[in-house]
2 protein chains.
Amino acid sequence: MRALAFLDGSLADSEAAHLRVDDLGLLRGDGVFETILVAGKKARELRPHLDRLARSAAMLELPAPDLAGFERAARAVIDAWPEGQEIALKLVYTRGVDGDPAGTPTAFALGVEVDASIRQAREQGVSVVTLERGFGPDLAERAPWLLLGSKSISYAVNMAALREAARRGAQDVIFTATDGSVLEGPTSTVVLAKDRTLYTPPSTIGILPGTTQYALFRGAEKAGWTVKVEPIAAVDLAQAEGLFLTSSVRLVTRVHTLDGVALPDSTAVHRELTAAYDSVYSG
Amino acid sequence: MRALAFLDGSLADSEAAHLRVDDLGLLRGDGVFETILVAGKKARELRPHLDRLARSAAMLELPAPDLAGFERAARAVIDAWPEGQEIALKLVYTRGVDGDPAGTPTAFALGVEVDASIRQAREQGVSVVTLERGFGPDLAERAPWLLLGSKSISYAVNMAALREAARRGAQDVIFTATDGSVLEGPTSTVVLAKDRTLYTPPSTIGILPGTTQYALFRGAEKAGWTVKVEPIAAVDLAQAEGLFLTSSVRLVTRVHTLDGVALPDSTAVHRELTAAYDSVYSG
C-alpha cells in the first residue's frame, strides 16, 4: 500500500508516472527529504521534521519549502490510510525540472508501509558494523559545500554502506570519523546509555540532528536520566550499558552485536528507554 | 530542445511524466549516469562511456546495464536531433521503483542542448577555486562503500560546490584531498601541462577516470607530448604552463584564474591541446 499527495492536498495514483526524466532530483540527487512515522493517525514530531526539511533545503539553497503545503499533503496521505496501521511518511522536495526558468520545485508526500525488517529490528535489535566515513569532525563547519548534516536525497553512499553491512552479516552501520569518533548511522542517530546518562554526538560534527533522538532525550529526562550531547569515541561503544540506533521509523532500536562481537544484554535498558520514548506520545 | 528515448529505441515526449515518485533514483539518488558529447551525429567515446556506466553500476551493485539497449536509445536521440547541432547526451540508470520485486531498473537516454555558458567557457576559459573535498587519497581503496570514483546520480555535493564557486566569483572548482593533492572537478578531470608533459591524477585516489582526458592524452601523445598519470600537489597548479578542466561537453577548457589569481597566459598551449584532442575525431 502506498499513498501519494501533492501540496495542494490532492491525492494521486502512486503507481502512475508523475515526474519528468529531467527532474534534478533524479538527474543530480538535488533535493531533500524527511521520513516521518505516523501512528494512530498522528504524525510524530511533525514540526521538527518540517523545520529540518527547511534547514536541509537552505543548506542546498533550494527555495524555502511551502511547509503548510507539506502539512496538507501529509494530512491527505494520513486520511487516506487504513485505520490502525503505521505509515512511513516521506516528504520529498527537489529543485524541479532542469532548466525550468520558474525554478518550480517538485514536492510531494508519499506514505509507504513500515517494512517487516524494521518491525523485527524494533523487537529483536540489530547487528551493526562500524564503517569509516572518511572525514574529520571539524570538516562540516569548514566546508559547507559538502552538505554534511543535510538530509539530501543524494543517499547512494548511505545505501552502499547498508549493503556493505549485509555483506558482513550485519543489518546496520555506525559511521566513524577519521579521529575515531562516532558520527551516525546511514539512516539513524547513535545513542549510548551509561550510568543513567544518555549520550549522542553533536550535529556540528557533520551529522543530521535526530528528531527521534531528541524525543527520546525529552522522555528520558522526565524519567530521571541525564542527557548529554557530546563527542563519543568509537572505542567506547562496546563499553556502554546500551547502544541504540534511533530513527523515526525504527524508533529506539537496540544494537546487540557490534563488529561481530555480542554486546552485554541491554534488553532492560531498552525496555526502559522505549517506555520513556513512548511516554512522549501517550496521554 | 530535448529528446528522450528508452532502451527499446522508442522516442517519448521529454516534457511528459514518465517516472513514478518512488523511483529509487529520486528517493535515494540511487543510480548512475554518463554525459556524452554528440558532434556531427557521432557520439564521442561511446564505448568508454558505456564501459564506465557499467563500472559505476557495478560499484553500486546495480544489475549490469543493457549496453546494447543504451546504444539503441542513444541512436534514437541522435537520429531525432537537428543536423549540425551538438547534443549533451545523458544516459541514466537507476535502481527502479522502491520495493519492486523484479528489481527492474529505470533506464533512458536524454539529449539536451549544450549550455551557452559551456560554449563560452570553451572559448574564454574559466576562473576556478580550489575547495576541500575532505578525504585522503588512500580512502577510496579502503572504503569502497563511499563510492568514490563512481558516477552516481547522488550529485548534490557536486552541485553545491559549483554554487560555492559562484559565490566566490568563479565558474568552476578543483577539489583537493586532505594531503593537499589534487582530486578532480565536480564534473570534470584536471589536466596540467608542463615541459611538454601532460599530468592528471590517478583514478585510484577516488576520482572518476576521465573519458575526455583519456582522448586528449591519446591525441597529445601522437602530437609528441609525454603523458603522465600521477599525483599532483595543489600548490603546483599555479606553476604549470597550462591548467585545464576536461569533460565530455566542455572539452578541454582552459583555467585562466585560480583562487582569484590570474594564471600565466596559456592560450597557445590550449590551442595546441585542442588541436591534439580534435585530431582524435577528424580524418
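Cut-offs used in this document
Residues numbered from 1 in each chain as written. Chains lettered and ligands numbered in written order. Predicted model: local features only at pLDDT ≥ 70, side-chain atom pairs only at ≥ 80, totals over all residues. Heavy atoms only, no water. UniProt positions renumbered as here; feature names shortened; annotations may be inferred. Helix = DSSP H or I, 4+ residues; strand = E, 2+ residues; numbered from the N terminus. Rg over C-alpha atoms; globule rule 2.2 N^0.38 Å. Buried < 20%, exposed > 50% of the residue type's maximum accessible area, 1.4 Å probe, protein only. Contact = heavy atoms within 4.5 Å. Areas by Shrake-Rupley, 256 points an atom, 1.4 Å probe, with all protein chains shown as cover. Lys, Arg positive; Asp, Glu negative; His and termini not counted. Charge placed at Lys NZ, Arg CZ, Asp CG, Glu CD. Domains from an automatic or database assignment. Buried area = accessible area lost by both parts, 1.4 Å probe. Core = buried A, V, L, I, M, F, W, Y, C linked by side-chain atoms within 4.5 Å. Pairing = 2+ DSSP bridges. Axes fitted to C-alpha atoms, helices over the stretch in contact; angles between N-to-C directions. Least-squares fit on C-alpha atoms with pLDDT ≥ 70 in both. Parallel < 35°, antiparallel > 145°, perpendicular 65-115°, else oblique. Nonpolar A, V, L, I, M, F, W, Y, C, P; charged D, E, K, R; others polar. Salt bridge = Lys/Arg side-chain N within 4 Å of Asp/Glu carboxyl O. Polar contact = N/O pair within 3.5 Å; in protein donor to acceptor, adjacent residues only side chain to side chain. Expected span 1.5 Å × (residues − 1). Phe/Tyr/Trp six-rings, centres within 6.5 Å; stacked < 30°, edge-to-face > 60°. Lys NZ or Arg CZ within 6 Å of the ring centre and 35° of its normal.

Chain A has the name 4-amino-4-deoxychorismate lyase in an unreviewed UniProt entry, where Amycolatopsis sulphurea is given as its organism. The UniProt entry for chain A carries the following comment under Sequence similarities (unreviewed entry): "Belongs to the class-IV pyridoxal-phosphate-dependent aminotransferase family."

Colleague: Explain the overall build of chain A to me, using residue names and the numbers behind them.
Modeller: In terms of regular secondary structure, chain A is built from eight helices and 14 strands. A compact globule built from 283 residues should have a C-alpha radius of gyration of about 19 Å, and chain A, at 19 Å, falls within 12% of that. If you line up chain A on its principal axes, its C-alpha atoms span 55 × 45 × 35 Å. Relative to its full complement of 283 residues, chain A shows a buried share of 58%. By sequence separation, contacts in chain A at least 24 residues apart represent 71% of the contacts at least 6 residues apart. Put simply, chain A shows about 11,000 Å² of open surface, and 50% of that area lies on carbon and sulfur atoms. Across chain A, the mean location of the 29 positive side-chain charges is 2 Å away from that of the 36 negative side-chain charges.

Colleague: Could you give me a rundown of the domain arrangement of chain A, with the residues and numbers involved?
Modeller: Residues and elements named next belong to chain A. Considered domain by domain, chain A is made up of domain 1 (2–114) and domain 2 (119–279). Distance from the C-alpha centre of domain 1 to the C-alpha centre of domain 2: 25 Å. Taken together, the contacts link 24 residues of domain 1 with 21 residues of domain 2. A buried area of about 1,900 Å², summed over both sides, lies between domain 1 and domain 2, and 59% of it is on carbon and sulfur atoms.

Colleague: Account for the nonpolar core, with residues named and values stated.
Modeller: Counting 94 residues, the largest nonpolar core has F70 and L89 of chain A together with F70 and L89 of chain B as its most contacted members. If we skip the residues at most four places from it in the chain, F70 of chain B touches L7, L50, L53, P65, L91, V92, Y93, A107 and F108 of chain B.

Colleague: Can you lay out the sheet that holds strand β2 (residues 11–12) of chain B for me, pointing to particular residues and giving the numbers?
Modeller: Residues and elements named next belong to chain B. Taken in spatial order, the six strands make up an open sheet running β2-β1-β6-β5-β3-β4, and their pairing is antiparallel. Both outer strands of the open sheet, β2 and β4 (42–43), are each paired with one neighbouring strand and no more. Bridge analysis of strand β5 (residues 87–94) against strand β6 (residues 106–112) gives seven bridges, and the strand direction is antiparallel. Bridging across to β6, L91 finds its partner in A109. Seen against the sheet, helix α2 (residues 46–59) touches β3 (31–39), β4 and β5 and runs at an angle of roughly 175° to β3. Across the sheet, helix α3 (residues 67–80) is in contact with β1 (2–6), β2, β3, β4, β5 and β6; its angle to β5 comes to roughly 150°.

Colleague: Describe in detail the relation of the copies chain B and chain A, supporting the description with residues and values.
Modeller: Two copies of the chain are present, and they differ by a rotation about an axis and a shift along that axis. Relative to chain A, chain B is turned by 180° and slid 0.0 Å along the rotation axis, the superposed coordinates differing by an RMSD of 0.0 Å. Within this description, the copies of the chain are treated as partners about a two-fold rotation axis. The share of interface residues of chain B whose copies in chain A are also at the interface is 100%, consistent with both copies meeting through the same surface.

Colleague: Can you tell me about unusual backbone geometry, naming the residues and giving the values?
Modeller: As a rule of thumb, non-glycine residues mostly have phi less than zero, and peptide bonds are mostly trans rather than cis. Residues and elements named next belong to chain B. A positive phi angle is found at E61, which is not glycine, with a value near 55°. Positive phi is not limited to glycine here, since D259 has a value of about 50°. If you trace the backbone, D259 turns up in the loop between β13 (251–258) and β14 (261–262).

Colleague: How would you sum up the packing of helix α7 (residues 211–222) of chain A against helix α8 (residues 267–279) of chain A? Please name residues and give values.
Modeller: Residues and elements named next belong to chain A. α8 packs onto α7 with a crossing angle of 100° between their chain directions and a minimal axis gap of 7 Å. By the angle between their directions, the pair α7 and α8 is classed as roughly perpendicular. In contact with T212, A215, L216, G219 and A220 of α7, α8 contributes L273, A276, Y277 and S279. Residues of the contact of α7 with α8, tallied by class, amount to six nonpolar, three polar and no charged.

Colleague: If you had to explain the interface of chain B and chain A to someone new, which residues and values would you point to?
Modeller: Contacts between the two partners involve 53 residues from chain B and, on the opposite side, 53 residues from chain A. Carbon and sulfur atoms make up 59% of the area that chain B and chain A hide from each other, which totals about 4,800 Å². If you sort the residues of chain B by the area they bury against chain A, L26, R28 and W145 of chain B come out on top, with a joint share of 18%. Counting the contacts that link chain B with chain A gives 10 salt bridges. Of the charged contacts, one joins R142 of chain A and E132 of chain B as a salt bridge, the two residues approaching to 2.6 Å between their closest N and O atoms. Between the two partners, chain B and chain A, sit 25 residue pairs in polar contact (both at pLDDT 80 or more). Counting only elements with at least two residues in the side of chain B that touches chain A, the list comes to β1, α1 (24–28), β5, β6, β7 (126–132), α5 (139–142) and α6 (156–167) of chain B. When residues in the side of chain B that touches chain A are grouped by element, the largest group, eight residues, is from α6 of chain B. Of the residues belonging to the side of chain B that touches chain A, the class tally is 26 nonpolar, nine polar and 18 charged.

Colleague: A description of helix α3 (residues 67–80) of chain A should follow, citing residues and the corresponding values.
Modeller: Taking 1.5 Å of rise per residue, 14 residues should cover 20 Å, and α3 of chain A covers 20 Å from first to last C-alpha, within 8% of that figure. Residues of α3 of chain A that are buried include every one of L67, G69, F70, A73, A74, A76, V77 and I78 of chain A, and no others.

Colleague: An account of the packing of aromatic side chains is requested, with residue identities and associated values reported.
Modeller: For any pair of aromatic rings, geometry is given as the distance between the ring centres together with the angle between the planes. Tallying each qualifying case throughout the model produces six aromatic pairs over all chains. Between F70 of chain B and Y93 of chain B, the ring centres sit 5.8 Å apart and the planes meet at 75°, which makes this aromatic pair edge-to-face. Taken together, the positions of F70 of chain B in helix α3 and Y93 of chain B in strand β5 put the pair 23 residues apart, joining distant regions of the chain. F70 of chain B sits in the buried class, given a relative accessible area of 0%. Positioned above the aromatic ring of F175 of chain A is the side chain of R133 of chain A, whose terminal nitrogen or guanidinium carbon lies 5.5 Å from the ring centre.

Colleague: I'd like a description of the pattern of salt bridges, backed by residues and values.
Modeller: Here the structure, examined in full by the defined rule, presents 40 salt bridges over all chains. Here R2 of chain A and D98 of chain B are joined by a salt bridge, their closest N and O atoms 3.5 Å apart. Taken together, the positions of R2 of chain A in strand β1 (residues 2–6) and D98 of chain B in the loop between β5 and β6 put the pair across two chains. Exposure remark for D98 of chain B: the relative accessible area of 24% places this residue in the partly exposed category. Measuring nitrogen to oxygen at the nearest pair gives 2.8 Å for the salt bridge that ties E272 of chain B to R196 of chain B. With E272 of chain B in helix α8 (residues 267–279) and R196 of chain B in the loop between β9 (189–194) and β10 (197–200), the pair connects residues that are 76 residues apart, well separated along the chain. The exposure class of R196 of chain B is partly exposed, given its relative accessible area of 38%. Taken together, the salt bridges that share partners define one network made up of E61 of chain A together with R163, E164, R167 and R168 of chain B.

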